Amino acid sequence: MRLKSTERAPDEQKRNFLKIMGTLIIGVGMVGTLRSVVQYIIPPSTQAETSFPVLTLVLANGNPIHTSDLIVNNSATVTFDYPLQGEPNFLLRLGDSGNTDVKIPPSKVSIPSTGGSYQSPGGVGPYGSVVAASAICEHLGCVPPEIKFFPPSSSTTPGKIHCSCHGSTYDPYSGFSVVTGPTRIPLPSLVLSYDSTQDTYAATMMVGPTLYGHTSDLSGGNAITTKGTVVSTT
Amino acid sequence: MAKQNLLEKVMNEPQPLPRKVPDYMRKKGGIWYWTGAILMITFLYESLTGLILLFYYQPAHPYSSTGTILAMPYGTVLLTTHLYAAYIMIAFLYIHLLRNLFVGAYKKPRQMQWLTGILLLLVTIGVVYFGYSMSGDVLSADATDVGRGIAAGAPLIGSYLRSIFFGSGTSLSLFMRLEGWHIVLAGVILAMFALHFYLAEYNTIMPSPKHAEFKVPAVDNDDPSYKPWYPYNLLYMGQVSFFTLAMIFIIPSVLAILPNVPVLFSPFPQVSVSSPLASSVPAYPPWILLFIYKELDFGISSIIGPFWASLIFIGLPVGYLLFIPYLDRNDSLKLSRRKAVLYTGILGLFYYIGLSVWGAMEPGVPVSNLVGFLFFAVPMLVVIPVSLYMIKKVEAAKSNLGNNLWKLYSILPVIGFLAILVGITSYMFLDGLSYYDLAALIFVLVLLAISSLYAYGWIYGIKENTKNIKMSERGHLVFGGIYGFLAIVIFTMISDIPPTKVEYQALYGIGIGLLFVLGGAFTKLYRSYAYHEG
Ligand code: FES
């Protein structure tokens, strides 16, 4: 005769089998549920632009800037937004200590954090001295006035871009590469095109590392809807 | 000994938390002792999903950001289950309330517990109201308009009430307040619930009136023979939670695939206020508040104004419930000594259901004073003999209702509903013949199989309860294995379904619900196998 279930000691092996089944059921239930939560909270990456826009650099009045509007080794900070709204870039006309234009050749810039490297675009304009790069510090995202360019004549960090947040230094003369940390990523370079017949400048794309705080250069913000991008001096 | 007030007692005689509970609470039918636990689980589910929903909700764009939520992967599952868990919570609140009303749980020493419970009901309805209005669809606009009208009708402070709850008049201030109140009141629920729960532990579980020999104070004297909390109650709680979660996932997901779900039970927001279709949607509040809408249609309401009408229709029953512990003071738990309570309870339930159904059928149609009078007067006369008859039956302990035909009848609609579901999905399957339709078909069949097995056991089990059939050990193992296998199958299927379409997400919701069903069924099996419980 069968024993009543209450009179029988449960067998350890069989009980373990049931325990494994139980863990399995509850485990897949939890994984199945959590997966949807995770997928849900990942924000949609809305590409504000499908490709880099080409934007002429203009003055506040809407007229394109010319080489004469740019001062060599300007100690004031000159910036414009690119590729999306509210993302500042330095616009520099670089010179030597005597304030004569210096031709900036394209150079190989290494990225210490990854060990990789890329080619910086080099200077444009009649003297090959106008360069641009993101003005968002790649260390922790400080923007001007915390991060700024110090002309060759200044007493501290001459000829460098220095971020006062945590002391990172970049060299605009060699593709905005890293000079001193804590940053381990150079400032992303902006590729300018120069129209020598009109003497105008346009921003065409970014090269190098991704802009600070972005998953891609073209997402996480709003597109610039005006015809050009306005250059402002502070 | 000098009489101590509750505060003194609580402070000076700390109680063990959590208490051991009597073993009969985990036996068949013991679920009636756990209606509060089910409420706690729905509340936890609401809090979690509510916080996750906050990631995308923007009061500045209520309707379009609700759309964003729905467009996110699994967004429809999240939003529809958030809505339906609230409905389920309200439904169980009423069940919890009526159950405790009829067993006399409001009596000494649980008066405080009862009071906090009634307040919790009010606050919960408030949270549901504000949450329901957050979507910015036409129903939300109707609901806030009615709410504004009621608040503004208050004497002296009307305009303050209106701006405190509904903002200064701009859309942004309105939705910021709806969101704010929704969350603040949910926090109030949490705090009051903590007190309610602490009192429940302090006053001990209320044994069935029979155990207490129908005398107050009905308290449970910690019997040393009670089994410890771990693992017995923990497993039981797990089982209850799994089944509750299964309900939360399955009901709205099934409604999401069904065509032509009535507006009142649709798990989705309706069209926006500015849509040309807006006028075709009846001005419904959430169903739990339908009675207030209908009450506003009564002739008398238009004379005294919406504020006073609502105050009477909500205030009277709530006031009555709040004062019950002090009105019904005798120390008997016998229904025959509490005829008035039973009578008013049934009458109230009747009015509530009646007004709600009426509100659903004829929203906004004015009711003449005579009809209104008859609506309230006739049940009063009918309910008296009915409740007297019930008391006699219950007291005579004639719980055996003869044959179980009524149970069969009561599950027929469910089976019919599921049959329709099978029909629709198999039609879809034959029509499109896609993998997802196959998945839908299988889910529905599993659902059907589980519910018909359950229904069979319900009817058959009651009849045969004297025989006390127990499953063999091998049976436990076989079923455990089957459950595990099914879990893997369902998991694989839902992992494979992309959350790209509403129907696919609904399938995912049903799949998760089925996993929880399996979790609950397995816990029950394991308790029976390892601890011979249940
Ligand atoms: S943010 Fe520029 S150095 Fe840290």
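Residues numbered from 1 in each chain as written. Chains lettered and ligands numbered in written order. Predicted model: local features only at pLDDT ≥ 70, side-chain atom pairs only at ≥ 80, totals over all residues. Heavy atoms only, no water.

Caption draft 1: How the structure looks around the packing of aromatic side chains. Counting across every chain of the model gives 28 aromatic pairs over all chains. Here Phe130(B) and Trp181(B) contribute two aromatic rings whose centre-to-centre distance is 6.4 Å and whose plane-to-plane angle is 25 degrees, an arrangement assigned as stacked. Placement of the pair is Phe130(B) in helix H5 (residues 111-133) and Trp181(B) in helix H8 (residues 171-203), with a sequence separation of 51 residues. Here the aromatic residues Tyr129(B), Phe130(B), Phe165(B), Phe166(B) and Trp181(B) are joined through ring pairs into a cluster of three or more. When the ring centre of Tyr531(B) is taken as reference, the NZ or CZ atom of Arg15(A) above it lies at 5.9 Å. (Phe/Tyr/Trp six-rings, centres within 6.5 Å; stacked < 30°, edge-to-face > 60°. Helix = DSSP H or I, 4+ residues; strand = E, 2+ residues; numbered from the N terminus. Lys NZ or Arg CZ within 6 Å of the ring centre and 35° of its normal.)

Caption draft 2: Highlighting the interface of chain B and chain A. Each partner contributes residues to the interface: chain B has 41 residues there, and chain A has 30 residues. Across the chain B/chain A interface, buried area totals approximately 2,900 Å², and carbon plus sulfur atoms make up 71% of it. Our count for the chain B to chain A interface comes out at zero salt bridges. At the junction of chain B with chain A, the criterion picks out six residue pairs in polar contact (both at pLDDT 80 or more). Mapped by element, the contributors of at least two residues to the side of chain B that touches chain A are helix H2 (35-53), helix H4 (75-103), helix H9 (229-257), helix H17 (473-496) and helix H18 (502-531) of chain B. Residue classes in the side of chain B that touches chain A are distributed as 30 nonpolar, nine polar and two charged. (Contact = heavy atoms within 4.5 Å. Buried area = accessible area lost by both parts, 1.4 Å probe. Salt bridge = Lys/Arg side-chain N within 4 Å of Asp/Glu carboxyl O. Polar contact = N/O pair within 3.5 Å; in protein donor to acceptor, adjacent residues only side chain to side chain. Nonpolar A, V, L, I, M, F, W, Y, C, P; charged D, E, K, R; others polar.)

Caption draft 3: Seen up close, the pattern of salt bridges. All names here are of chain B. Scanning the entire structure with this criterion turns up five salt bridges over all chains. Ionic pairing is found between aspartate 328 and lysine 107, a salt bridge with its closest N-O pair at 3.3 Å. Taken together, the positions of aspartate 328 in the loop between helix H12 (306-327) and helix H13 (339-361) and lysine 107 in the loop between H4 and H5 put the pair 221 residues apart, joining distant regions of the chain. The exposure class assigned to aspartate 328 is buried, which follows from its relative accessible area of 12%. For lysine 294, the salt bridge identified is with aspartate 297, shortest N-O distance 3.2 Å. (Buried < 20%, exposed > 50% of the residue type's maximum accessible area, 1.4 Å probe, protein only.)

Caption draft 4: A look at the sheet that holds strand E1 (residues 55-58) of chain A. Residue and element names in this part refer to chain A. Here we have eight strands laid out as an open sheet, ordered E13-E1-E12-E11-E6-E3-E2-E14, and mixed in their pairing. Here the strands that pair on one side only, and so sit at the sheet edges, are strand E13 (228-230) and strand E14 (232-233). Two elements, E1 and E13, share three bridges in a ladder whose sense is parallel. Across the sheet, residue valine 58 finds its bridge partner in E13, namely valine 230. (Pairing = 2+ DSSP bridges.)

Caption draft 5: Main features of unusual backbone geometry. Residues and elements named next belong to chain A. With an omega of -5 degrees, the peptide bond between tyrosine 82 and proline 83 qualifies as cis. Considering the arrangement of structural elements, one finds proline 83 in the loop between strand E2 (78-81) and strand E3 (88-93). Of note in the backbone geometry, threonine 157 takes a positive phi value of approximately 30 degrees without being a glycine. One can find threonine 157 in the loop between strand E7 (147-150) and strand E8 (160-163).

Caption draft 6: Representation of a nonpolar patch on the surface in the model. Residue and element names in this part refer to chain B. A contiguous nonpolar surface patch, about 1,000 Å² in accessible area, is contributed by Leu370, Phe373, Leu374, Val378, Met380, Leu381, Val382, Val386, Tyr389 and Met390. Here methionine 390 is to be found in helix H14 (residues 369-395). Overall, methionine 390 belongs to the partly exposed group, its relative accessible area being 37%. (Patch = residues over 30% accessible without salt bridge, like charges linked within 9 Å, V, L, I, M, F, W, Y side chains within 5 Å. Areas by Shrake-Rupley, 256 points an atom, 1.4 Å probe, with all protein chains shown as cover.)

Caption draft 7: Examining the state of the cysteines more closely. Residue and element names in this part refer to chain A. Throughout the structure, instances matching the rule amount to one disulfide over all chains. A sulfur-sulfur distance of 1.9 Å marks the disulfide that ties cysteine 142 to cysteine 165. Taking the torsion about the S-S bond as the criterion, the cysteine 142 to cysteine 165 disulfide, at about -100 degrees, is left-handed. Note that cysteine 142 is positioned in the loop between strand E6 (130-134) and E7 and cysteine 165 in the loop between E8 and strand E9 (169-171), a separation of 23 residues in sequence. Residue cysteine 142 is classed as buried on the basis of its relative accessible area, which comes to 16%. (Disulfide = S-S within 2.5 Å.)

Caption draft 8: View of the domain arrangement of chain A. Each assigned domain of chain A is listed with its residue range as follows: domain 1 (1-44) and domain 2 (55-233). Computed over C-alpha atoms, the centres of domain 1 of chain A and domain 2 of chain A are 58 Å apart. (Domains from an automatic or database assignment.)

Caption draft 9: A look at the environment of Glu503(B). Residue and element names in this part refer to chain B. Within the secondary structure, glutamate 503 is located in helix H18. Residue classification places glutamate 503 among the partly exposed positions, given a relative accessible area of 36%. Separated by 21 residues in sequence, glutamate 503 and isoleucine 482 have C-alpha atoms that sit 27 Å apart.

Caption draft 10: The arrangement of the side chain of Ser140(B) in detail. The topology assignment puts Ser140(B) in helix H6 (residues 138-152). Setting aside residues no more than four positions away along its own chain, Ser140(B) makes contact with Tyr132(B), Ser133(B), Ser135(B) and Phe175(B).

Caption draft 11: Geometry of the side chain of Ser36(A). Checked against the element boundaries, Ser36(A) lands in helix H1 (residues 12-41). Of the residues examined, Ser36(A) reaches a relative accessible area of 9% and is grouped as buried. Contact partners of Ser36(A), with chain neighbours within four places excluded, come to Pro73(B), Tyr74(B) and Tyr508(B).

Caption draft 12: Structural context of the sheet that holds strand E10 (residues 177-180) of chain A. Residue and element names in this part refer to chain A. In spatial order, the strands read E7-E8-E9-E10; together these four strands make up an open sheet with antiparallel pairing. In the strand order of this sheet, the two ends are held by E7 and E10, each with one partner. Geometrically, the sheet is characterised by an average inter-axis angle of 30 degrees between neighbouring strands, direction not taken into account. Strand direction decides the pairing type here: E8 and E9, joined by two bridges, are antiparallel. By the bridge assignment for E9, isoleucine 161 is matched with tyrosine 170. (Axes fitted to C-alpha atoms, helices over the stretch in contact; angles between N-to-C directions.)

Caption draft 13: Layout of H1(A). Here H1(A) spans 43 Å end to end across 30 residues, near enough to the 44 Å set by a 1.5 Å rise per residue. Listing the buried residues of H1(A) in full gives Arg15(A), Leu18(A), Met21(A), Gly22(A), Ile25(A), Val28(A), Gly29(A), Gly32(A), Thr33(A), Ser36(A) and Tyr40(A). Buried residues along H1(A) sit against H2, helix H3 (62-71), H4, H9, H17 and H18 of chain B. (Expected span 1.5 Å × (residues − 1).)

Caption draft 14: Up close: the packing of H4(B) against H5(B). Residues and elements named next belong to chain B. Contact pair H4 / H5: the axes reach a minimum separation of 11 Å and the direction vectors enclose 160 degrees. On the basis of the axis angle, H4 is roughly antiparallel to H5. Crossing of H4 over H5 shows left-handed handedness. Each of Ala86, Tyr87, Met89, Ile90, Leu93, Tyr94, Leu97, Asn100 and Leu101 in H4 lies in contact with H5, whose residues at this interface are Trp114, Ile118, Leu121, Thr124, Ile125, Val128 and Tyr132. For the contact of H4 with H5, a count of residues per class yields 14 nonpolar, two polar and no charged. (Parallel < 35°, antiparallel > 145°, perpendicular 65-115°, else oblique. Left-handed = near helix turned anticlockwise from the far one by under 90°.)

Caption draft 15: Region of the structure containing the pairing of E1(A). Relative to strand E12 (residues 200-207) of chain A, E1(A) runs antiparallel, the two being bridged by two bridges. Considered in E12(A), the bridge of Leu55(A) is made with Ala203(A).

Caption draft 16: Main features of H18(B). Residue and element names in this part refer to chain B. In this model H18 runs 42 Å from its N-terminal to its C-terminal C-alpha over 30 residues, within 8% of the 44 Å that 1.5 Å per residue would give. By the criterion of burial, H18 is predominantly enclosed, with 26 of the 30 residues buried. Among the residues trailing H18, histidine 532 stands out with phi positive, at a value near 50 degrees.

Caption draft 17: Broad picture of the pairing of strand E11 (residues 189-195) of chain A. Residue and element names in this part refer to chain A. Here E6 pairs with E11 via two bridges, running antiparallel. Bridge pairing in E11 links alanine 132 to leucine 190. Direction of pairing for E11 relative to E12: antiparallel, over a ladder of seven bridges. Looking at E12, one finds that serine 189 is bridged to valine 207. The turn linking E11 back onto E12 is made up of four residues, and aspartate 199 within it adopts a positive phi angle of 60 degrees.

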